[in-house]
Amino acid sequence: MPSHRANAHGTACEYVLAEKYDVELDRASWRDGMRAGVPWEFKATAHRHADDTPGNFKIYREYHEKLVEESGWYGFAVYRVRGRGTEVLKTTTRAASRLPTVRWHGGGDHRDTQQAKLAIDDVF
């Protein structure tokens with residue numbers, strides 16, 4: 001799937017997560033919104049990619065560390081494409097300080113930081 005389509009699905013998931021968890025969207029570089037003074041970052045992935053591999057959530061180290069420092073939370077959504085739309089299959093939340101152990105690596109160069117990938121099963 002071209003990245004602009006994936007971005008559209010991710011944005012659709014952000015709106016669902018913001019409404020479900022009562023987060024006001026404000027989109028700073030390291031967070032997507034705030035709830036009662038607490039920062040939130042939303043992550044979405046397709047249940048399966050076009051090549052039939054399972055989806056995963058990308059976490060960026062610099063932003064993650066800031067979220068932990070600020071006692072922030074993640075909202076996660078798994079979706080699938082339905083026609084031209086997005087169907088959110090499941091959501092969950094997790095304190096940034098309670099993510100599973102990740103292995104940081106390159107790949108986040110466009111954000112000047114390292115990234116890690118979390119499997120769907122590691123989050124749900």
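Scroll up for the structure.
Here the structure is a predicted model, which means the values were calculated and not measured. (Residues numbered from 1 in each chain as written. Predicted model: local features only at pLDDT ≥ 70, side-chain atom pairs only at ≥ 80, totals over all residues. Heavy atoms only, no water.)

## Overview of the pattern of salt bridges
Two side chains that carry opposite charge are able to pair once their charged atoms sit near each other. Under the definition given, this model contains 7 salt bridges. Put simply, R31 and D26 hold a salt bridge, and the shortest N to O gap is 2.7 Å. Residue class for R31 comes out buried when judged on its relative accessible area of 17%. Across the pair D52 and R48 runs a salt bridge, and its minimum N-O distance is 3.0 Å. When salt bridges with common partners are traced through the structure, they connect R80, R82 and E87 into a single cluster. (Salt bridge = Lys/Arg side-chain N within 4 Å of Asp/Glu carboxyl O. Buried < 20%, exposed > 50% of the residue type's maximum accessible area, 1.4 Å probe, protein only.)

## Thoughts on the side chain of E14
Mapped onto the elements, E14 comes out in helix α1 (residues 3-20). For E14, a relative accessible area of 14% translates into the label buried. Those residues in contact with E14 that sit more than four places away from it in its chain are R27, D32 and F42. (Helix = DSSP H or I, 4+ residues; strand = E, 2+ residues; numbered from the N terminus. Contact = heavy atoms within 4.5 Å.)

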